[in-house]
Amino acid sequence: MLTLDDFDFDLPSERIAQHPVAERAASRLLHVNGRNFQDRCFADLPQFVAAGDLLVFNDTRVIKARLFGRKESGGQVEVMIERIIDRKQAFAQIRASKSPKPGNRVVLENAFTVIVTGRCGEQGEFFALELAGEGDLYALTEAYGRLPLPPYITHAAEADD
C-alpha cells in the first residue's frame, strides 16, 4: 500500500514556476507511458486521448479567500475562507495570536464584520463564521479578499495568477 512518503521528492526551487505561462496551452505536460517519461506541452494532450477515454475537467475557480483584519480586542488576524456555505456563513482558518471565541466579532479588510459562531471540522480546525449585517459573503470576499498563493510562490498575487 502506498503511503504519503512514497510521493516525497526533491524539487529544487529554481524548477518551480513563479508565474503561469502567457499561452496556457504551452503549459508543461508530463507524458507517462509505462516506464517512459516525456516532456510535452498541454496542447499535445489531444493526441493521447482515444475514443472511449474519460476526461474529467476541474472547472472550479479559486476565490479571493485570504483576508486580513482585527478582532474587537484590536489583535490582528489572517482569515483563509475554506468554504462559503451560503450568503451569510462560511468555514475558515484563522491565524491570530489568540484564537477568537464564539461570539467574537472580526472586522475584515476594514470593510465588513463577521461573527465567530463556533468551531467545526474533524479536529475543530475550522472556525464557523457568520456575516454581521447585510450583504453577501461571496461578493464581499471577491471584492476585498486576496488570492491565496501556496507558500512556494514568492510574489504577491497578481492578475495572471
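Our structure is the block above this text.
Residues numbered from 1 in each chain as written. Predicted model: local features only at pLDDT ≥ 70, side-chain atom pairs only at ≥ 80, totals over all residues. Heavy atoms only, no water.

## Brief notes about the pattern of salt bridges
Going by this rule: When a carboxyl oxygen of Asp or Glu is within 4 Å of a side-chain nitrogen of Lys or Arg, the pair counts as a salt bridge. The helix and strand labels rest on DSSP assignments: H or I over at least four residues marks a helix, E over at least two residues marks a strand, and numbering proceeds from the N terminus. We call a residue buried when its accessible area falls under 20% of the maximum for its residue type, exposed when it is over 50%, and partly exposed in between, using a 1.4 Å probe and counting protein chains only.
Under the definition given, this model contains six salt bridges. Note that R28 is salt-bridged to D39, the shortest N-O span being 3.2 Å. Here the residue R28 occupies a position in strand β1 (residues 28-33), and D39 occupies one in strand β2 (residues 36-41), the gap between them amounting to eleven residues. Accessibility assignment for this pair places R28 and D39 in one class, exposed. Note that R61 and E142 form a salt bridge whose closest N and O atoms lie 3.0 Å from each other. Note that R61 is positioned in the loop between β2 and β3 (66-71) and E142 in helix α1 (residues 137-144), a separation of 81 residues in sequence.

## Quick word on the environment of D160
Which entries qualify depends on this criterion: Should any heavy atoms of two residues lie within 4.5 Å, those residues are counted as being in contact.
You can see D160 is positioned in the segment after α1. Take D160: its relative accessible area is 34%, and that puts it in the partly exposed class. Along the sequence, D160 and R83 sit 77 residues apart, while their C-alpha atoms lie 23 Å from each other. Other than its neighbours up to four places away in sequence, D160 contacts H19, P20 and R24.

## What about the nonpolar core?
Applicable threshold: By convention a nonpolar core is built from buried Ala, Val, Leu, Ile, Met, Phe, Trp, Tyr and Cys residues, the set being connected through side-chain atoms within 4.5 Å.
One finds V79, I81, I94, L108, F112, V114 and L129 to be the most contacted residues of the largest nonpolar core, which totals 19 residues. Counting only elements with at least two residues in this core, the list comes to β4 (76-84), β5 (89-96), β6 (105-108), β7 (112-120), β8 (126-131) and α1.

## Thoughts on the side chain of H31
As for its placement among the helices and strands, H31 is situated in strand β1. On the basis of relative accessible area, H31 is assigned to the buried category, the value being 18%. In contact with H31, not counting residues within four places along its chain, are N36, F37, Q38, R40 and F48.

## Digging into α1
Since one α-helical turn is 3.6 residues long, residues separated by three or four positions face the same way. This is how it is decided: In the analysis that follows, any N or O atom pair within 3.5 Å is treated as a polar contact, provided that within protein one partner can donate a hydrogen and the other can accept it, and provided that, for residues neighboring in sequence, both atoms belong to side chains.
Inspection of α1 places L137, L140, T141 and E142 among the buried residues, and these make up the whole buried set. Taken together, the buried residues of α1 touch β3, β4, β5, β7 and β8. Where α1 begins, the side chain of D136 points an oxygen toward the backbone nitrogen of Y138, at a separation of 3.0 Å.

## Here's the deal with the sheet that holds β4
One key point about sheets: their strands pair by backbone hydrogen bonds, in either a parallel or an antiparallel sense. In plain terms, the rule: DSSP calls a pair of strands paired once it identifies at least 2 bridges connecting them. Helix axes use the C-alpha atoms of the stretch in contact, all axes being lines fitted to C-alpha atoms, and the angles between their N-to-C directions lie in the range 0 to 180 degrees.
Reading around the circumference, β3-β4-β5-β8-β7-β6 is the order of the six strands in this closed barrel, with antiparallel pairing throughout. Across the sheet, the axes of successive neighbouring strands diverge by a mean angle of 45°, strand direction being ignored. Judged from the five bridges that link them, β3 and β4 form a sheet pairing that is antiparallel. What sits directly across from R66, in β4, is M80.

## Observations regarding the packing of aromatic side chains
What counts, and what does not: For Phe, Tyr and Trp, rings pair up if their centres lie within 6.5 Å, where Trp contributes its six-membered ring, and each pair is then called stacked (planes under 30 degrees apart), edge-to-face (over 60) or tilted (otherwise). Here, over-ring charges are defined by two tests on the NZ atom of lysine or the CZ atom of arginine: distance to the ring centre within 6 Å, and angle to the ring normal within 35 degrees.
Tallied over the full model, the rule gives one aromatic pair. Ring geometry for F112 versus Y144: centroids 6.2 Å apart, planes at 45°, classification tilted. Of this pair, F112 sits in strand β7 while Y144 sits in helix α1, and the two are 32 residues apart along the sequence. A relative accessible area of 6% places F112 in the buried class. The class for Y144 is partly exposed, based on a relative accessible area of 38%. Above the face of the F127 ring, R119 is positioned so that its terminal group lies 3.9 Å from the ring centre.

Purely spatial values, then, with no claim about function.
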